[in-house]
Amino acid sequence: MRFKPVIGLEIHVQLNTETKAFCSCSADVFELEPNTAICPVCTGQPGALPVPSKQMYEFGILLAAALNCKIHEYTKFDRKNYFYPDLPKGYQITQYFYPLATEGFLELDGKKIRINRIHLEEDAGKLIHSSETITQAESSFVDMNRCGVPLAEIVTEPDIESPEEAKKFLEKLRQILRYLGVSTGDMEKGALRCDANISVIDLENNVQSNKVEVKNMNSFKFVEKALEYEFERIKSQLKRGENVLKETRGWDLSTKTTISMRSKEEANDYRYFPEPDIPPVVISREEIKKIVEKMPELPDEKLNRFKKKYTLTDYEAKILTSSVKLADFFERCVFETKNPKETSNWFLTELLKYTSSEDDFDTLKIKPHHFKELFELIVDGKITRNIAKEIFKEVFETGKSPSKIVEEKGIEVIGDETLIEEMLKKIMDENKDKVEAYKNGKKGLMGFFVGQVMKQTKGKADARKVNEIAKKLLGD
Amino acid sequence: MNKFKKLTIKDVLKGEEDYVGESLKVIRKEDGDINAFITVVEQSSGKIPIAVKDNIVTEGIRTTCASKILEDFIPPFDATVVEKLKKNNFAIVGKTNLDEFAMGTGTEYSAFFVTKNPWDKERVAGGSSGGSAAAVASGEVVAALGSDTGGSIRQPAAFCGVIGFKPTYGLVSRYGLVAFASSLDQIGPITKTTKDAAYLMNVIYGKDERDATTVDKKIDFEVLLEKDFSKAVVAYPEEVFGEGVEEGVKKQFEEFIKFLEKKGVKVEKISFPELKYSVATYYIIAPAEVSSNLSRFDGIRFGTRVEEKGLLETYLKSRKQLGVEVIRRIMLGTFTLSAAYYDAYFEKAQKVRRLISNRLNNFLEKYDFIITPTSPITAFKIGEVRDPLVYYMMDIFTIPANLAGLPAISIPFGFSGNLPVGMQIMGKRFDDPKVLGFANFIERDVPVVFPWEAKK
Ligand SMILES: [Zn+2]
């Protein structure tokens with residue numbers, strides 16, 4: 001490999017606190033009517049003052065602890081001054097000089113991606129233009145609902161070595177956010193936003209290109225695609241011996257390319273200075289400890305525990321722990337069934353056919369005790385696995401108990417040995433060649449004979465008995 | 001002479017008359033000469049007529065900050081201090097003139113008009129709370145609120161011969177005060193007596209959930225009134241006799257020292273060489289905060305929009321409504337905060353600010369109070385001062401209290417020519433009742449004199 005990408009991410013996470021960062025407006029503003037979740041503080045009315053939310057700090061501390069960061073006792077807010085109509089005060093309250101946390105890492109498949117810093121800040125509003133683009137627009141409107149929604153900005157070190165790894169990092173981060181319950185992590189809804197810095201190293205000639213910043217990637221897929229595109233673009237520039245411009249580029253969905261937005265030379269001077277309206281926030285070690293103690297089990301811990309406690313494969317455990325809700329439901333089902341392996345099978349093959357891991361499993365019609373009942377019906381030979389699958393679907397849809405469904409539908413396992421024997425004899429008569437082959441050692445053909453019976457009985461035959469009788473008839 | 005004009009809060013509390021009506025009558029009759037008010041509020045419930053500086057927001061009542069850009073601004077809420085006034089039976093009879101956004105020392109930078117000094121109408125009333133001080137000194141109202149960032153309560157109080165008190169930073173909520181320099185701004189009373197100042201402080205102070213810089217502290221500002229302070233030990237910086245201080249003021253300050261000594265107070269001279277850096281420090285920190293605080297007034301987000309072709313032109317034209325002094329400070333602050341100069345200016349100024357604070361705190365460990373003249377000069381003639389640097393030097397004695405967040409009061413003490421001279425008493429952080437008590441101790445012999453009395 002001649003070229004290697006060096007990628008760092010800057011991620012903005014909307015914290016789903018009850019209130020905005022510095023006022024008492026609701027922070028849940030997605031898809032609200034414009035300018036309905038606002039007050040003098042978040043709209044920067046002359047005379048109004050910001051007061052930092054405690055919950056924002058708690059969420060920030062949880063996140064920082066989950067990302068193995070050093071959490072600072074002394075933190076402070078600063079003003080980042082820039083001039084834009086969606087920023088009502090003319091500055092953003094952020095943490096520049098004394099951020100909430102620094103020096104952390106996120107482990108990704110055994111590799112540590114270092115976190116440079118995490119700091120808290122407020123979101124800006126949104127501009128709505130009267131036509132597609134700002135240049136064509138006759139007028140523009142400002143929706144201030146998002147103003148003041150708390151954000152945690154996470155800055156990674158340039159430790160990411162491929163576009164795919166960048167995507168994986170974000171997916172893992174989203175999982176952690178959801179486990180912690182500090183953010184929905186929805187990229188499509190803007191609750192998780194990512195800018196990337198990418199440069200490329202020419203390994204043979206040992207030179208590194210300038211850094212390019214990539215923006216406007218509002219899904220995990222686009223992050224990967226945009227970075228792949230950028231990697232290729234920079235690579236070919238390096239190959240041609242061209243100078244890679246230090247610039248900011250935006251992912252353009254329609255052309256699936258990145259487009260230059262501005263050169264880094266014209267970067268803003270944000271004139272940072274300490275926010276005089278908010279005194280430094282000092283949180284003692286003990287207080288931090290108290291907050292961190294509330295931390296739920298994190299994805300990696302849960303994964304390992306599932307593998308150990310329930311003797312599951314890595315694959316199974318990964319799926320079952322992909323969300324807290326799914327994992328919790330699984331554990332409640334196992335508590336009833338006492339059979340983790342079987343429960344896992346039914347989760348992976350059936351339950352997840354009808355649900356996705358982010359659903360609310362508490363409100364499902366199917367309950368843990370239904371699993372137990374279903375398993376008992378199978379073990380008792382009252383229903384076959386195939387029937388059980390149908391019953392499962394019906395339980396899922398209606399919430400009726402499995403035994404009730406068996407009773408109502410008159411489903412019964414055919415266990416009549418003479419009947420099974422007759423069917424088998426007929427099948428074997430019609431497939432003499434296969435009987436011959438079986439006797440010559442092709443034992444795998446057992447499945448064929450059993451399968452034929454199942455087909456003819458629509459799966460209602462007792463598989464165990466069919467097996468026994470078939471063996472007898474074949475002289476095994 | 002109208003009896004109302006001399007009334008204090010304490011008098012009004014005891015009486016049964018329509019004082020609000022009386023106040024409005026005096027305003028109608030005399031404000032044409034004084035120009036203390038930008039807006040007079042005809043209908044106002046409450047008993048005690050008070051004036052509020054027009055950079056403190058009042059729900060439904062125009063709040064202009066004496067700026068063209070906010071000429072039509074009607075705030076959607078009341079400042080915390082306004083809420084408190086209303087709850088305590090104060091009637092806001094008007095909003096007083098100031099230098100635009102409180103930047104200035106003579107209300108000459110008001111976008112609307114200059115407030116005249118009730119002692120000499122060819123002279124300024126001081127600033128930036130000149131309207132509030134003139135309204136009190138001319139007897140238009142019983143008391144007023146001002147705001148003090150570098151002396152804006154104390155200096156006009158001195159020029160107009162009334163009491164002006166700047167509390168410890170964090171005691172009075174700034175919620176609803178249109179920010180000038182947030183780390184220095186503090187609202188305070190302008191009154192006819194120290195007792196009224198203490199009374200008003202009890203009304204307006206207190207922890208406010210809406211202002212994170214307020215402190216949670218129970219204080220009774222009236223508790224040290226009427227006390228004997230003859231055992232007090234005070235200090236004055238030798239620099240008060242230095243260059244740039246008017247002879248008449250120096251002479252009066254000497255009288256002040258003699259007076260205190262006669263009362264038994266021990267007065268010592270100290271050296272405070274850092275004093276001369278306070279103005280420079282202030283004029284880096286305050287404009288920096290200004291440049292940020294005022295960026296919202298662009299005609300798009302806030303302020304009157306001057307519609308032009310295109311967004312940039314609209315911005316430029318709208319911003320041009322700001323006055324020359326405001327623009328000067330925005331430019332200055334934008335410069336000192338820029339990445340290339342931050343360390344050399346803003347960061348260094350922060351350090352000097354801490355140095356001055358520490359120095360003052362050390363003095364105040366040893367002495368009960370630090371005394372100085374409030375202003376190195378008396379009220380100057382309207383239009384007389386043109387050089388901004390001369391303007392800035394007028395704040396030399398008042399600025400240190402803002403830099404250190406200390407309580408300081410200006411009380412009238414005699415005259416230089418026909419013009420009142422103010423003396424400043426600065427105390428330790430949270431020693432506000434003590435500062436008021438000491439001022440009251442002096443006031444017992446030297447009460448406020450009203451302009452119409454002195455002329456006789
Ligand atoms: Zn709000």
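Since the structure is predicted, the reported quantities are computational estimates derived from the model, not experimental observations.

All names here are of chain B. One open sheet accounts for eleven strands, arranged 1-3-2-6-8-7-12-13-11-9-10; its pairing is mixed. A single partner strand is all that each edge strand has here, and the edge strands are strand 1 (37–40) and strand 10 (266–270). Mean inter-strand twist for the sheet, computed between neighbouring axes without regard to direction, equals 30°. Taken together, the six bridges between strand 2 (residues 48–53) and strand 3 (residues 90–96) define a ladder with parallel strand orientation. In the strand pairing of strand 3, P49 is matched with A91. Helix-sheet contacts for helix 6 (residues 194–204) involve strand 2, strand 3, strand 6 (143–148), strand 7 (163–166), strand 8 (186–191) and strand 12 (408–416), and the interaxial angle to strand 8 is about 145°.

As a further point, take the UniProt feature "domain: Amidase" (unreviewed entry) in chain B. Here, the residues flagged by UniProt with the feature "domain: Amidase" (unreviewed entry) are residues 48–436 of chain B. Split by type, residues 48–436 of chain B is 34% helix and 17% strand. Its first and last C-alpha atoms lie 21 Å apart.

Counting from both sides, the interface comprises 32 residues of chain A and, opposite them, 37 residues of chain B. The three residues of chain A that bury the most area against chain B are A:P46, A:F83 and A:R271, which together make up 25% of that side's buried surface. Linking chain A with chain B are one salt bridge. Between A:D277 and B:R174 there is a salt bridge, with the nearest N and O atoms lying 3.0 Å from each other.

Attention now moves to the coordination of the zinc ion. Listed as protein donors to the zinc ion are A:C23 (SG), A:C25 (SG), A:C39 (SG) and A:C42 (SG); their distances from the metal cover 2.3 to 2.4 Å. What the four donor atoms of the zinc ion show is an angle range of 101 to 113° at the metal, which sorts the shape as tetrahedral.

Attention now moves to the side chain of A:E316. Residue and element names in this part refer to chain A. The topology assignment puts E316 in helix 6 (residues 314–320). Given the relative accessible area of 7%, E316 is considered buried. Polar contacts involving the side chain of E316 include one to the side chain of K341, which spans 3.0 Å. Of note is the side chain of E316, whose polar atom sits 3.5 Å from the side chain of S344. Sequence-distant contacts of E316, that is, excluding residues within four places in its chain, are made with K341, S344, N345 and L348.

The subject of this paragraph is the side chain of B:S23. Residue and element names in this part refer to chain B. Mapping S23 onto the fold places it in helix 2 (residues 19–34). Residue classification places S23 among the buried positions, given a relative accessible area of 0%. Apart from the residues within four sequence positions on either side, S23 is in contact with F4, P49, V93, E140 and V141.

Let us now look at the UniProt feature "active site" (unreviewed entry) in chain B. Residue and element names in this part refer to chain B. The UniProt feature table records "active site" (unreviewed entry) at K53, S128 and S152. The named residues occupy 100 residues along the chain; their greatest pairwise C-alpha distance, 10.9 Å, places them in one compact cluster. Mapped onto the secondary structure, K53 falls in strand 2. Contact partners of K53, with chain neighbours within four places excluded, come to K95, T96, L98, A102, S128, S129, S132, L145, G146, S147 and S152. Here the side chain of K53 touches S128 through a polar contact of 2.7 Å, side chain to side chain. For S152, the location among the structural elements is in the loop between strand 6 and helix 5 (154–160). Relative accessible area serves as the criterion here: at 6%, S152 is assigned to the buried category. If near-sequence neighbours (up to four positions away) are discounted, S152 is found in contact with K53, A102, G104, G127, S128, S129 and S147.

Rules used throughout
Residues numbered from 1 in each chain as written. Chains lettered and ligands numbered in written order. Predicted model: local features only at pLDDT ≥ 70, side-chain atom pairs only at ≥ 80, totals over all residues. Heavy atoms only, no water. Pairing = 2+ DSSP bridges. Helix = DSSP H or I, 4+ residues; strand = E, 2+ residues; numbered from the N terminus. Axes fitted to C-alpha atoms, helices over the stretch in contact; angles between N-to-C directions. Contact = heavy atoms within 4.5 Å. UniProt positions renumbered as here; feature names shortened; annotations may be inferred. Buried area = accessible area lost by both parts, 1.4 Å probe. Salt bridge = Lys/Arg side-chain N within 4 Å of Asp/Glu carboxyl O. Donors = N, O, S within 2.8 Å, 3.2 Å for Na, K, Ca; no water. Tetrahedral: all angles 85-135°; square planar, octahedral: opposite > 155°, others 65-115°. Buried < 20%, exposed > 50% of the residue type's maximum accessible area, 1.4 Å probe, protein only. Polar contact = N/O pair within 3.5 Å; in protein donor to acceptor, adjacent residues only side chain to side chain.

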